[in-house]
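Spelled out from the first residue to the last, the chains are:
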Amino acid sequence: MNNTQLSRSRVLSKSITSPTVTAVSLAIVLIGLSAFFINLRYEYAKQRHELEMSNLLNSVHKNLEQTLKASYNSNLALGMTINDNGIPENFESVAADIIQLNPIIDIIELVPNGVIKYVYPTKNNEKAIDYDILKNPAIASEAKRAIERKAVYFAGPFELKQGGLAVAGRYPIYIKGKFWGFSAVLIHFDNLIATTGIYDSTNPNYYFQFSKVNQETNEEQFFLSQSSDLTDKVYQKVFIPDGDWNLYVVEKQSSKYYISELFPYLILCLLICLLFPFFIFLILKKPRDLAVLNSIQAERIQQSDAKFQVIFNKTSIAIAQINHSDQRFVEVNPQLCSLLSASTSKLIGRSFYEFVHPDDLTKFSTYLNTTNSIVVKNISISVRLKTSMGNYIWAQIVPSHLQDEVGGSKTILLAIENISERKEAQEQLIQSELQFKSLFQESPIPLWEEDGSVVKEYFLKLDLMHKDRNYVKQFLETNSEILFEIISKIKVLSVNEECLNLYQAKDKNELIEIYNSTMKISPTKAIIEMLVDISQGLKKGNAQGIVIFPTGREITIAITWNIVAGYEESFSRFIISTEDITNAIKTQKIIVESEKKLQSIINSIEGIVWEYDDATKRYQFVSAQAEHLLGYKAEEWLTVNHFWESHIHPDDFKWVTEYCEEKSKQENSFSVEYRMVAKNGTIVWFRDIINVYFEEGGKIVLRGIMIDISLIKENESDLKQSLGMVTEQNKRLMNFSYIVSHNLRSHTSNIQSLATLIKESDDDEERQKLIQLVGTVSNDLNETIINLNEVINIRKNVNLNIESLVLVDFVLKTLDVISEEIRQKNIKIIGVISPKVTVLYNRAYLQSILINIISNAVRYSNNRNENRYIKFKFYEENEFSVLEIEDNGIGINMNRHRDKVFGLYKTFSNNKDAKGIGLFITKNQVEAMGGKIEMSSELHKGTAVRIYFKN
């Protein structure tokens, strides 16, 4: 080797970066990247455990809420057994139905005034009877919480008087706005916890804890056997306001637990940090040894520069030659000008780094330095280049260092290819795969990724593709060997952690073994349905079925499968999601049965049980009694807006709607009595017991029961009427006793005075005159007694003979009786009464009433008026028929005599024949028939008498 070549070798050797420094630098970078990766992995593991804890806690919380919700309806049904007098009706039968309906409930109680009086079942619970819960401070505080909330509140857990730990859901009951007591359902604590699924949890990493803050000591009490010391524990909790409980899910190990998951990654990163720099050291050391040889080869390349120029300008690849020292363009070919949208003159002399994206500049500079010792480098780099148009393109660059004759690097040759479209496709594919893997692995739902191309091949081979669905299904069910062969040939690509947990497998291989064994024993209906869907050419589907494991374990699963986009023809990639719905199916069956039984109980209640949405003004539920009591079908109640308002009796509409609207804003429960119009037009009285519930979002829901009280109202009306009659009779009796006392006393006093005078008189003539006066007074007393006797006869005739009488016939008969007086006084009779008008009346009373009224009209006619008349008018007024008899006679001063016109012995004219007995008897006769009589009169203008006949 000549001196020039040796000089070049030395210069080139010095220019090569020390392999040791590079290896150490790379190791430091890798350690930093490894630490960053381990931290990300730790955070991921931590988030996965938190999500798993959240799912477990939500599942248990949801089950607990369903159990508590079932007891709400039981409390309501129990409260409905209490009548308006505060006495439970059918407690034993209703309680038995409730416990049969809700097996989780162990004991049912009614607690009037805080004292347990009614218990079901009574056996083994005798100690609880007559126990006053409001006198025990430990229990009373929680009982009062229910009163304050006016809703169900769950007390406990606490020790029962009869033994055992339980919770009690107490519902405060109000009757006529006054606190009556509680309805209560008791659930043994172990049974309550069992319904949540806590005891069924097989997850080895977590345990549950259940607590409540003691109102007396303000300390948190824990009730489950697991550790209650949560210090340094990772946990999540949820607050349950129905009983002021805290429900915890606690990680059994501390955060050190994650170290075991990170250990493999720590080992892997350590190996990479040690081995990769070592390999880089070896790689960099070799170019250093070959520097001399490369310099000789560079010399030979320079000698072929002419050939290179031809290739440089004619090739289809964009090529640029740049200075090694400042990276300025020395030469560019036309293809590069086209790639960067710039002319040669605008590129020559400018730094290549001006066109490199700022984020790629360091990477590209480092890359050029690492290739400095190599004449031709085949390893490429991808960077973004800026065109003169301002946009960036992705370019793949392969650098080659060109050396001068002394061995020093002079220029760098860059071969550049536009890979923008390829890069974009790769980025999208990578991003899509990352997202898919992240979603797949972190999904809380068990997922399979499978290659099902064998299924399609089998179906094509067996000529089952696109055949009748029922035919394919029957074929698979009757050819179990072929079915199992198809299932076993499906290739499992990957499964997530949740899938392993569901099938209780350690890894994918064990899962496949368990799955094949299970399918061989009993292929689940869901898998058969999926295979049948594939035979129909479907790209997705879902099904349910029971899986029986070789161990005897049995679960119900729901699967949903989808072919991954792009694999529709080959069916070589599809995703199956599997969900264990065993508990959900059991719970659903229990809920359905409970709802059916509750519906039966509700529909058997003698009243309309209802639920009403105040926002939409629509019923959300009505019991079957709705149609029985009012005739409207349930569909009409539920689909018609404002149904309730539109069927309230018109006389009650305004006050009832206003009252209910006001009360629903102020109180949690109230009652109201009103009338509704049934479909057949009848009027039905209801007592509506209403409870107000304020749900999330401010929504107001009303629930209650409408009890038919029509019979009670009828009895009340009859009672009021009877009371009115008794009151009136008492009033009459008092008046009558006064009249008897007054009138008889005046006569007896006269007789006594005359007797005294007769006794003291010595004159026979005077004594004879006094004796004659005694006869006169005696006659007056006899007449008075006759009159009073007639009044008594009217009042004691309870069982009068009532007939349907034609009113006009009796009016005409009366006019005939006094026709001579009418003719003498030239009185004109006006008005026509239809012969169709009839009244239910006693014949003698009707004739007596008409004679008294009409004869008075004739007797007290105005002799000064030549146009004297008596006018008859008949009409309906409310529940009465009215006969009005009007005259233009002398009239009465009503301002003076209004309260006396129907009094006994009351006269209002100078007529010597007037005795004041006729109107008194007439009034008594009218009232004895259930009617009334009224008079309006004006002095010197006339009188109108109105006789009211009860319809």
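Conventions we followed
Residues numbered from 1 in each chain as written. Predicted model: local features only at pLDDT ≥ 70, side-chain atom pairs only at ≥ 80, totals over all residues. Heavy atoms only, no water. Core = buried A, V, L, I, M, F, W, Y, C linked by side-chain atoms within 4.5 Å. Buried < 20%, exposed > 50% of the residue type's maximum accessible area, 1.4 Å probe, protein only. Helix = DSSP H or I, 4+ residues; strand = E, 2+ residues; numbered from the N terminus. Contact = heavy atoms within 4.5 Å. Phe/Tyr/Trp six-rings, centres within 6.5 Å; stacked < 30°, edge-to-face > 60°. Polar contact = N/O pair within 3.5 Å; in protein donor to acceptor, adjacent residues only side chain to side chain. Axes fitted to C-alpha atoms, helices over the stretch in contact; angles between N-to-C directions. Parallel < 35°, antiparallel > 145°, perpendicular 65-115°, else oblique. Nonpolar A, V, L, I, M, F, W, Y, C, P; charged D, E, K, R; others polar. Pairing = 2+ DSSP bridges. Patch = residues over 30% accessible without salt bridge, like charges linked within 9 Å, V, L, I, M, F, W, Y side chains within 5 Å. Areas by Shrake-Rupley, 256 points an atom, 1.4 Å probe, with all protein chains shown as cover. Salt bridge = Lys/Arg side-chain N within 4 Å of Asp/Glu carboxyl O.

### Concerning the nonpolar core
Nonpolar side chains in soluble globular proteins generally cluster together in the buried interior.
Then step 1. Grouped together as the largest cluster of nonpolar side chains are 43 residues, with contacts concentrated most on W448, F459, L476, Y503 and L531.
Then step 2. Counting residues per element, this core draws most heavily on helix 18 (residues 525-535), at 7 residues.
Then step 3. Beyond its immediate chain neighbours, meaning those up to four positions away, Y503 contacts W448, L511, I514, Y515, F549, R553, I557 and T578.
Then step 4. Core analysis: the next-biggest nonpolar cluster, separate from the first, contains 39 residues, A77, F91, I175 and F210 among them.

### What about the packing of aromatic side chains?
Then step 1. This model, assessed by the stated rule, comprises 28 aromatic pairs.
Then step 2. Aromatic side chains W637 and F643 sit 4.7 Å apart centroid to centroid with 40° between the ring planes, which places their arrangement in the tilted category. When sorted by exposure, W637 lands in the same class as F643, which is buried.
Then step 3. Each member of the aromatic cluster is reached from another via a ring pair, and the members are W610, Y612, Y619, Y632, W637 and F643.

### Quick notes on the side chain of S881
Then step 1. Within the secondary structure, S881 sits in strand 29 (residues 880-887).
Then step 2. For S881, the side chain forms a polar contact with the side chain of E876, separated by 3.0 Å.
Then step 3. At a separation of 2.7 Å, a polar atom in the side chain of S881 contacts the side chain of N951.
Then step 4. Contacts of S881, omitting those with residues within four sequence positions, involve F874, Y875, E876, I947, Y948, F949 and N951.

### Overview of the packing of helix 15 (residues 480-489) against helix 18
Then step 1. One can describe the packing of helix 15 onto helix 18 by two numbers: an axis separation of 12 Å at closest approach and a directional angle of 80°. In terms of orientation, helix 15 lies roughly perpendicular with respect to helix 18. Contact residues: helix 15 offers L483, I486 and I487, while helix 18 offers I527, I528 and L531.
Then step 2. Considered class by class, the residues forming the contact of helix 15 with helix 18 number 6 nonpolar, no polar and no charged.

### Description of the environment of A565
Then step 1. Positionally, A565 belongs in the loop between strand 18 (554-563) and strand 19 (574-580).
Then step 2. Remark: the alpha-carbon pair of A565 and K539, spanning 26 residues in sequence, is separated by 9.6 Å.

### With respect to the sheet that holds strand 22 (residues 669-677)
Then step 1. In space, the 5 strands of this open sheet follow the order 21-20-24-23-22, with antiparallel pairing throughout. In this open sheet, the two strands that pair with only one neighbour each are strand 21 (618-622) and strand 22. Pairwise comparison of adjacent strand axes, ignoring direction, gives a mean angle of 30° for this sheet.
Then step 2. As paired strands, strand 23 (residues 683-694) and strand 24 (residues 700-708) are joined by 9 bridges and run antiparallel to one another. Residue pairing in the sheet places F694 in a bridge with I700 of strand 24.
Then step 3. Strand contacts of helix 23 (residues 650-666): strand 22, strand 23 and strand 24, with the helix running at about 160° to strand 22, the strand carrying the most contacts.

### A few points about the sheet that holds strand 6 (residues 206-213)
Then step 1. In space, the 4 strands of this open sheet follow the order 7-6-9-8, with antiparallel pairing throughout. Edge positions in the open sheet fall to strand 7 (220-222) and strand 8 (235-240), since each of these has one partner strand only. Adjacent strand axes in the sheet meet at a mean angle of 30° when their direction is disregarded.
Then step 2. Both strand 6 and strand 9 (residues 245-251) contribute to a ladder of 7 bridges, which runs antiparallel. Directly across from S211, in strand 9, lies its bridge partner N246.
Then step 3. Strand contacts of helix 2 (residues 19-79): strand 6, strand 8 and strand 9, with the helix running at about 20° to strand 8, the strand carrying the most contacts.

### What about the pairing of strand 15 (residues 447-451)?
Then step 1. The buried fraction of strand 15 is high, at 5 of 5 residues.
Then step 2. A two-sided burial pattern is seen for strand 15, the buried positions comprising L447, E449 and D451 on one face and W448 and E450 on the other.
Then step 3. Where strand 15 lies against strand 19, 4 bridges are found, and the strand directions are antiparallel. Paired with E450 across the bridge in strand 19 is F574.
Then step 4. Pairing geometry for strand 15 and strand 16 (residues 491-495), over 4 bridges, is antiparallel. Its bridge partner lying in strand 16, E450 is registered against V492.

### Observations regarding a nonpolar patch on the surface
Then step 1. On the surface, a nonpolar cluster with roughly 1,100 Å² of combined accessible area is contributed by F263, L266, I267, L270, L271, L274, L275, F278, F279, L282 and I283.
Then step 2. Structurally, L270 can be placed in helix 6 (residues 257-289).

Everything listed is a geometric property; what it means functionally is a separate question.
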